[in-house]
Amino acid sequence: MSTKIGYVGVDHHHRDPYFTCASGLGLDVTAVCEPGRRVELDSLRAMDDRPDEITTEGGDVAELVRDAEVYEDPHRLAAEADVDVMWVTYRSDETPAIIESAVENGVHVVSEKPIARTAADLEGIAEKANEAGVTVSPTLYYRTNPVAMDIRDRVQDGFFGDIWTVQGRFNASQLSFRNTDHYIYDESVSRGGALQWIGPHWVDAMPWMLDDPIARVNASFHEAEEADVDAGAVLQLETESGTLGTYHTGYYLSDRGKDTHFGIYGTDAQAQTPLHHDSLQHEPTIPLEITSEDPDWSAAPRRTVEYEFTYDRFPAFGDFVYDYFESYFEGYETGDVPATVDDAVQLLRVLDAAYDSAERDGWVDVDG
């Protein structure tokens, strides 16, 4: 029997690629909602005015939701609609209350990261979800990225030895490419810009690969001219075990696409990789360049592993995003999912500390 989906937030730039996933996974979208507005189902075509460069080659959106019930109130949808999961792509200031309604009605949730503006907005709801056995998951795709999974496995096997430092970079196109009238670039809705929207992917992925939470940060921002949020950020970070790191993220590029890098430096081995991949990079593979002192590598101490990315199931970023949702829908009933609501809370605690650090002009400990 197909999982029944209630989709909240159809006026969002990730809607079409997510509907492509839903179609490929055989999910049944039985209800849709754009809060405060009645959606005409036959008007759900590919969106022309996107706030970023996400694109999709998926099927007819209108056909996927042809028989869906339309709601203007997401809380009514949670209480009345016959759905198993609410899939939410909506504004960060209102999403926590929507998720709380879902939890109270026993409906599982997968929601666009970072789910809320601050950790305090989500912590109580996370406790309710865990007590009720309701799965709430943020969209933290890099936990199913094969390069990130390889690095995490090597860390857990002790391949790198003691890890001294890490470097991360995730830069995207300038705000001139984006619809800055969209609510995601409104400080009152989102709290932040580059760090809050594109930055969270690797603010989560870096400590996840290290299996070592971020304990404190020192952050600096510069503000955007086109919107009242940050255009970019630089973070110094220290993990619980003492690994030091830096992370750069921002809307900096003068063309579409991403500029990315991840480096890890340990006593026994080092690795460097772009890690990220999407269809705008126009390259079929991503390299993972590894240097090791392991005796087994003595004949070739420096090696490159090439990972091939395909886009058949998720044209925008690559199939690892599809794999993320596939894993979620295979495991949501038991809670066996790639990222949990507790992971979302921890991510927000790091973001809270970063914005607090900029205000204080110094290092700030991550709560929790």
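These figures come from a predicted structure and were not determined experimentally.

Asker: Help me out: how do you make sense of the sheet that holds strand β15 (residues 364-365) in this one?
Answerer: Sheet strands line up and pair through hydrogen bonds in the backbone, either parallel or antiparallel. With respect to topology, 9 strands assemble into an open sheet ordered β14-β13-β12-β11-β7-β10-β9-β8-β15, the strand pairing being mixed. The open sheet is flanked by β14 (302-308) and β15, the only strands paired with a single partner. In this sheet, β14 lies alongside strand β13 (residues 285-292) in antiparallel orientation, the contact comprising 7 bridges. Pairing of Thr291 across the sheet is with Arg302, part of β14. Across the sheet, helix α6 (residues 146-156) lies against β7 (163-173), β11 (258-266), β12 (269-273), β13 and β14, angled at about 20° from β13, the strand it touches most. This element, helix α9 (residues 200-210), spans β7, β8 (214-223), β9 (230-239), β10 (244-253) and β11 of the sheet and lies at about 155° to β7.

Asker: Would you explain the sheet that holds strand β2 (residues 28-33) in this entry?
Answerer: In spatial order, the strands read β3-β2-β1-β4-β5-β6; together these 6 strands make up an open sheet with parallel pairing. Whereas interior strands pair on both sides, the edge strands pair on one side only; in this sheet they are β3 (69-71) and β6 (136-138). This sheet shows a mean twist of 20° between the axes of neighbouring strands, independent of strand direction. Relative to strand β4 (residues 85-88), strand β1 (residues 4-8) runs parallel, the two sharing 4 bridges. Each bridged residue has a counterpart across the sheet, and for Tyr7 the counterpart in β4 is Trp87.

Asker: Is there a simple way to think about the environment of His276 in this case?
Answerer: By secondary structure assignment, the location of His276 is in the loop between β12 and β13. Since its relative accessible area comes to 1%, His276 is described here as buried. C-alpha separation for the pair His276 and Trp202, spaced 74 residues apart in sequence, amounts to 9.7 Å. In this view, His276 contacts Tyr142, Phe170, Trp202, Lys258, Thr260 and Ile286; residues no more than four positions away in its chain are not counted. A polar contact is formed between the side chain of His276 and the side chain of Tyr142, at a distance of 2.3 Å.

Asker: Looking at this structure, how should I read the pairing of β2?
Answerer: The two faces of the sheet receive side chains in turn, since in a regular strand these alternate between them. The buried fraction of β2 is high, at 5 of 6 residues. Examined bridge by bridge, β1 and β2 share 5 bridges and lie parallel to one another. Looking at the pairing, Ile5 lines up with Val29 of β2. Sheet topology places β2 next to β3; 3 bridges connect them, and they run parallel. By the bridge assignment for β3, Ala31 is matched with Glu69.

Asker: Explain unusual backbone geometry here, please?
Answerer: Apart from glycine, the bulk of residues carry a negative phi angle, and the bulk of peptide bonds sit in the trans form. Following Lys113, the chain continues to Pro114 via a peptide bond in cis, the omega torsion being 0°. By the element assignment, Pro114 lies in the loop between β5 (108-111) and α5 (120-132). Backbone geometry places Asp211, a non-glycine residue, at a positive phi of 55°. Within the fold, Asp211 resides in the loop between α9 and β8.

Asker: I tried to follow the pattern of salt bridges on my own but got confused; where do I start?
Answerer: Two side chains with opposite charge may pair up if their charged atoms get near one another. Under the definition given, this model contains 20 salt bridges. One salt bridge connects Arg360 with Asp356, and the closest N-O pair in it is separated by 3.1 Å. In this pair, Arg360 and Asp356 both sit in helix α11 (residues 341-360), 4 residues apart, roughly one turn of the helix. The class of Arg360 is exposed, set by a relative accessible area of 60%. Among the charged side chains, a network of salt bridges with common partners joins Arg313, Asp319, Asp323 and Glu326.

Asker: Sorry, what's going on with the environment of Ser220 here?
Answerer: By the secondary structure assignment, Ser220 is in strand β8. Looking at Ser220, the relative accessible area reads 47%, which means it is partly exposed. For the pair formed by Ser220 and Ala269, sequence separation is 49 residues and the distance between their alpha carbons is 30 Å. Those residues in contact with Ser220 that sit more than four places away from it in its chain are Gly232, Ala233 and Val234.

Asker: I would appreciate a short explanation of helix α4 (residues 95-104) in the present structure.
Answerer: In an α-helix, one turn spans 3.6 residues, which is why side chains three or four residues apart end up on the same side. Counted residue by residue, α4 has 7 buried out of 10 residues, so it is predominantly covered. Turning to α4, its buried residues are Thr95, Pro96, Ile98, Ile99, Ser101, Ala102 and Val103. At its buried positions, α4 is contacted by β1, α3 (74-80), β4, β5, α5 and β6. A positive backbone phi angle near 70° is found at Gly106, which sits one or two residues after α4.

So, how was this worked out
- Residues numbered from 1 in each chain as written.
- Predicted model: local features only at pLDDT ≥ 70, side-chain atom pairs only at ≥ 80, totals over all residues.
- Heavy atoms only, no water.
- Pairing = 2+ DSSP bridges.
- Helix = DSSP H or I, 4+ residues; strand = E, 2+ residues; numbered from the N terminus.
- Contact = heavy atoms within 4.5 Å.
- Axes fitted to C-alpha atoms, helices over the stretch in contact; angles between N-to-C directions.
- Buried < 20%, exposed > 50% of the residue type's maximum accessible area, 1.4 Å probe, protein only.
- Polar contact = N/O pair within 3.5 Å; in protein donor to acceptor, adjacent residues only side chain to side chain.
- Salt bridge = Lys/Arg side-chain N within 4 Å of Asp/Glu carboxyl O.

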